Amino acid sequence: MAKPPLRDHRNRPVVAITGIGMISSLGVGLDENWKAITAGKSGVHRIKRFPTTHLKTTIAGTIDYLSGDFQSLTLQAGEHAGDEAVKMAGLGKPGDFPGPLFTAIPPVEMEWRLRRQLYSAADPAIDDAYDRMIAVAGEANDHHEYEQLMYGHVGEKLAERFGTKGAPISLTTACASGATAIQLGVEAIRRGETDAALCIGTDCSVSAEAVIRFSLLSALSTANDTPEEASRPFSKDRDGFVIAEGAAALVLENYDAAVARGATILGIIRGAAEKADDFHRTRSKPDGSAIITALKNTFDDAGIAPDAIDYINAHGTGTPENDRMEAMSLEKVFGERIHGVAISSNKSMLGHTLTASGAIEAVLTIKTIQDSIIPPTINYQVPDPGIVLDVVPNHAREQKVTTVLSNSFGFGGQNACLIITAEPA
Amino acid sequence: MSREVWITGIGLTSSLGEGLDAHWQAMAEAEHPKPVINTELCAPYPVHPMVPLDFDKQIPKRSDQRQMENWQRVGVYTAGLALADAGVAGDADILSRTHMIVGASGGERDYAVDSAILAEVGKAASPEEFLNDRLSNDLRPTLFLAQLPNLLAGNISIVHKVTGSSRTLLGEESAGISAVEVAERRIRGGQGDIFLVGSAVVAERKDSIMILAGGGWGWKGDPVPVWARPEKGGGSINGSVGAFLVIEAREHAEARGRQPYARLGPVFSDRSTRRPGEAAANAERQFAAISKAAHHHPLAVITGASGIAAPTREERDFLAGLMAKGEVSTVRAASNMIGTAIDANFASGVALAALALSRKGFYKPTDDTGFEKPLATPPEAIAVMTWGVWRGEGMGLVEAVS
């Protein structure tokens, strides 16, 4: 007799992870990254991509071994991560993935290189700078260059490469984007629309203007003298996040379909939920209620209690505000028990990969479960007396982990959380 | 689970005015509907510019308005109209579980800063260092947030208190189609009861015009209707549009005593490389599925056709085929009246379809090629169609609720 289909506590299909891949400043591929992460190695370094004169922050976790404009870098990183995940899953044929693509990508803007090129080629008799550029652009009639400036470019090219089905969705919910991309995949599989989804978060957008913009919001660490020690989540001396680049990909599948084709189940997305904040453009509600509701909704969706969590992959950006709010909200949801749960920030090593971070942290969470090694929070030298958490300081820890909470909170009030568990569900 | 999806609130702003009456008057009641096109503002590219909006009415705090770029203000304003229209504005309980999906691009740059830099950067010993210096000193800290695509949704949360969830799909027509599609499927599948979906686009922005110009997509010179453009070289006349919809599960609407404008049927999106025939092949599959789901036949079509030569010719041939077979009664290009609305293309099409069904009427032809036939009896089912300027094909069904 055939086994009855596996259903979760709400009688929905169970969502399995069957392929993962990633790339970051620490290297290409899961193995290289996991080796560095578990060794507590930092990928943060001095910015070499552009001159840093006049900048308050001169460090970042850029991917320096790829080259191209930002859309191209973001695409290349997404391709690397996607290639690895799809190959691992062994699903479909090359270039023919049997499901939709949900991709988290950074906002798109014309680069100064092109702006300057247009301006200098223009008729100086035209007064207005933008009219000058428009005149040149209109004569060039160059689909190729301008196509790359369009918002759907990266999603389209990824869809083309992997042969995903339907229109690709490009998400931009700031630092929650990676988690939201996964959530969209989870929802589609639970609705029974598809047996598989490819979720990719990719972000290579470290430009001088990006650094300046975040600096103007006082969001970035200025610990320029010791780049590898600049990202200090949960420490008393944390002074901001370190902007970084990377990508990660996950192949999600209906559990039964994955088992039926003999796939290796790497883990289960047990719960996914969100909550928007209405307080401020860059700050959370002081009482943490939006984050707390996002957490509660996630436990509700997963059908488990906070007691079941044995590790938290923190958002942990290293900004004074985020880490304080995250710790406070967790305490309100977990109660006293929070002080005994291991929690660490991958960003202490990778920096903050922004749009990609939710996907990268989901992938590293799966490695954490698979290998029973919890990555450390490095640079934890000066504990913050206001944040009493077991942050797995400075060294990775061998510990069996089966049920993990992963947090992602973004500017603009977007909060998303995932609960990832070991197989079986 | 498969639930019925109702459209219960509409916010619409464009060159034609603000709100449903303004659009109905201009597009259905006027003897000879006439679009509002400005040929000087972004010459040589004509645009349908946004009417002036009194932002204070939907964004009461000036401090909030200052934190937004114009496109965000238009979006937050129009979202407010939709929430008020659905009768949920100010209802803290419903808003706290209203999910939001926005299709958004990005905000306008600071032209003054860019212009000043461009005038001098070429003369600098180190242009890159010069850029660092000037951007560090001249950019306003809040401008970044005003430009971020996800901050349209962020500002809607702050101003209107929509906080169930907040997702932003990044730009172009496909984002606007997927926003409605995902919301429709989640409601139908029991993954949420009530959603705010939509987009806002400001066409008369020089940085947007630059992309339109660079891609060779812009119509130049005197405006002509979209169906006449393919033979004249083709091109898009972009329009400023804010379009937001409140859509919800029928049970949810009934429980709070609301009647719908219309029922939202299935929505489909797809991609193609736009080799000849590919977009039409997608549309054919989509139309077959929609036609099967429809309770009324034939269907009328509202499209946001851009006027760009190849896709518009292909779309025209595709629709002509359906009309010849009697499967489509008539076609209206909303883009003739409100312009190519990019991110807001699909949501504005759904809004106009729902409006027509609720008023038991239809829009006047706006086309001098004879392609848009007058309609003797008002439609009871409308297929809303959007083919992107460069990519993405979508279609959705909107039906009268008897």
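Every residue gets a number counted from 1 within its own chain, in the order that chain's sequence is written. To label them, take the chains in the order written and letter them from A, then take the ligands in the order written and number them from 1. Since the coordinates come from a predicted model, pLDDT governs what is reported: local features require at least 70, and pairs of side-chain atoms require 80 or more to be given and counted, while whole-chain, interface and lining totals use all residues.

The helix and strand inventory of chain B stands at 15 helices and eleven strands. This radius of gyration counts C-alpha atoms alone. The globule rule is 2.2 Å times how many residues there are, raised to the power 0.38. For 402 residues, the compact-globule formula gives about 21 Å, and the C-alpha radius of gyration of chain B, at 21 Å, lands near that figure. The C-alpha extent of chain B, read off along each of the three principal axes, is 70 × 55 × 40 Å. Out of the 402 residues belonging to chain B, those deemed buried represent 61%. A run of H or I in DSSP becomes a helix once it reaches four residues, and a run of E becomes a strand once it reaches two; helices and strands are each numbered from the N terminus. Exposure is read from a count of other C-beta atoms within 10 Å of each residue's own; the residue is exposed at 12 or fewer, buried at 20 or more and partly exposed in between. C-beta atoms are placed from the backbone.

In this section: the interface of chain B and chain A. Here contacts are defined at the residue level, using C-beta atoms placed from the backbone and a cut-off of 7 Å between them. Contact with chain B, which involves 64 residues of that partner, is made by 62 residues of chain A. Among the elements of the structure, helix H5 (111–121), helix H6 (127–138), helix H7 (141–147), helix H8 (150–160), strand E4 (165–170), helix H9 (172–188), helix H10 (206–214) and strand E7 (262–270) of chain B are those that each provide at least two residues to the side of chain B that touches chain A. Throughout, the ten residues Ala, Val, Leu, Ile, Met, Phe, Trp, Tyr, Cys and Pro are labelled nonpolar, Asp, Glu, Lys and Arg are labelled charged, and all others, Gly among them, are labelled polar. Split into classes, the residues belonging to the side of chain B that touches chain A amount to 25 nonpolar, 26 polar and 13 charged.

Another aspect to go through is the environment of Ile209(B). With respect to the secondary-structure elements, Ile209(B) resides in helix H10. Sequence separation of Ile209(B) and Pro379(B) is 170 residues, and the distance between their C-alpha atoms is 36 Å. Those residues in contact with Ile209(B) that lie beyond four places of it in its chain are Ile134(A), Cys42(B) and Tyr45(B).

As a further point, take the pairing of E4(B). With six of six residues buried, E4(B) is to be regarded as a mostly interior element. Of the two faces of E4(B), the one holding Ser165(B), Arg167(B) and Leu169(B) and the one holding Ser166(B), Thr168(B) and Leu170(B) are both buried throughout.

For the rest of this paragraph, the subject is the nonpolar core. In plain words, the nonpolar core is the set of buried Ala, Val, Leu, Ile, Met, Phe, Trp, Tyr and Cys residues that C-beta atoms within 7 Å link up. In this structure, Leu250(A), Ala359(A) and Ile382(B) are the most contacted members of the largest nonpolar core, which totals 278 residues. When residues of this core are assigned to their parent elements, the largest contribution, ten residues, is made by helix H15 (residues 345–358) of chain B. Setting aside chain neighbours within four positions, we find Ile382(B) in contact with Leu299(B), Ala300(B), Val301(B), Ile302(B), Ala353(B), Ala356(B), Leu357(B) and Val398(B).

Another aspect to go through is the packing of helix H3 (residues 70–85) of chain B against H8(B). Residue and element names in this part refer to chain B. Fitted lines through C-alpha atoms serve as axes, helices being fitted only where they are in contact, and the angles separating the N-to-C directions of these axes extend from 0 to 180 degrees. Packing of H3 against H8 brings their axes to within 9 Å, and their N-to-C directions diverge by 50°. Viewed along their axes, H3 and H8 adopt a mutual orientation that is oblique. Note that H3 runs across H8; the crossing there is right-handed. In this structure, H3 uses Gln72, Gly75, Val76, Ala79, Gly80 and Leu83 to contact H8, whose residues at the interface are Leu151, Leu152, Asn155, Ile156, Val159 and His160. Partitioning the contact of H3 with H8 into residue classes produces seven nonpolar, five polar and no charged. We call two directions roughly parallel when the angle between them is under 35 degrees, roughly antiparallel when it is over 145, roughly perpendicular when it lies between 65 and 115, and oblique otherwise. The hand of a helix crossing depends on one turn: near helix anticlockwise from the far one by less than a right angle means left-handed, and clockwise means right-handed.

All right, on to the domain arrangement of chain A then. Domain ranges listed in this record stem from an automatic or a database domain assignment. When the domains of chain A are assigned, the result is domain 1 (15–109 + 150–421) and domain 2 (112–147). Look at where the C-alpha atoms of domain 1 of chain A and domain 2 of chain A centre, and you get two points 37 Å apart.

Each domain of chain B was delimited in the assignment, giving domain 1 (5–107 + 148–399) and domain 2 (111–138). Put simply, the middle of domain 1 of chain B and the middle of domain 2 of chain B, counted by C-alpha atoms, are 39 Å apart.

An expected span of 1.5 Å times one less than the residue number is assigned to each helix. The terminal C-alpha atoms of helix H4 (residues 129–140) of chain A lie 17 Å apart, and with twelve residues this matches the ideal 16 Å at 1.5 Å per residue to within 8%. When we look at burial in H4(A), the residues that qualify are Ala129(A), Tyr130(A), Arg132(A), Met133(A), Ile134(A) and Ala137(A). Buried positions along H4(A) lie against helix H3 (112–121) of chain A together with H5 and H10 of chain B.

Residues and elements named next belong to chain B. In this chain, Ala43 is followed by Pro44 through a cis amide linkage whose omega measures 10°. Tracing the chain through its elements places Pro44 in the loop between helix H1 (20–29) and helix H2 (62–66). The omega angle of the peptide bond from His297 to Pro298 is -5°, so this bond is cis rather than trans. The residue Arg274 is not glycine, and still its phi comes out positive at about 65°. Here Arg274 shows up in the loop between E7 and helix H12 (278–293). Owing to 17 C-beta atoms within 10 Å, Arg274 belongs among the partly exposed residues under this scheme. Its identity is not glycine, yet Lys360 carries a phi of approximately 50°, on the positive side. Turning to its location among the elements, Lys360 is positioned in the loop between H15 and strand E10 (381–387).

The next subject is H5(B). The complete set of buried residues in H5(B) reads Asp114(B), Ile117(B) and Leu118(B). The arc that holds every buried residue of H5(B), seen down its axis, measures 100°, which confines them to one face. Of the exposed residues in H5(B), those oriented more than 90 degrees away from the buried face are Ala112(B), Ala119(B) and Glu120(B). In this fold, the buried residues of H5(B) make contact with H3 and H4 of chain A together with H6 of chain B. Note that the arc is computed from the directions linking the helix axis to the C-beta atoms.

Further remarks concern the pairing of strand E14 (residues 403–410) of chain A. All names here are of chain A. Among the eight residues of E14, seven are classified as buried, and the element is accordingly described as predominantly covered. Where E14 and strand E15 (residues 414–421) come together, eight bridges link them in antiparallel fashion. For Ser408, the partnering residue across the bridge sits in E15 and is Ala416. Note on pairing: DSSP must find at least two bridges between two strands before they are called paired. Linking two consecutive strands that pair antiparallel, namely E14 and E15, is a turn of three residues; a positive phi of about 95° is found at Gly412 within it.

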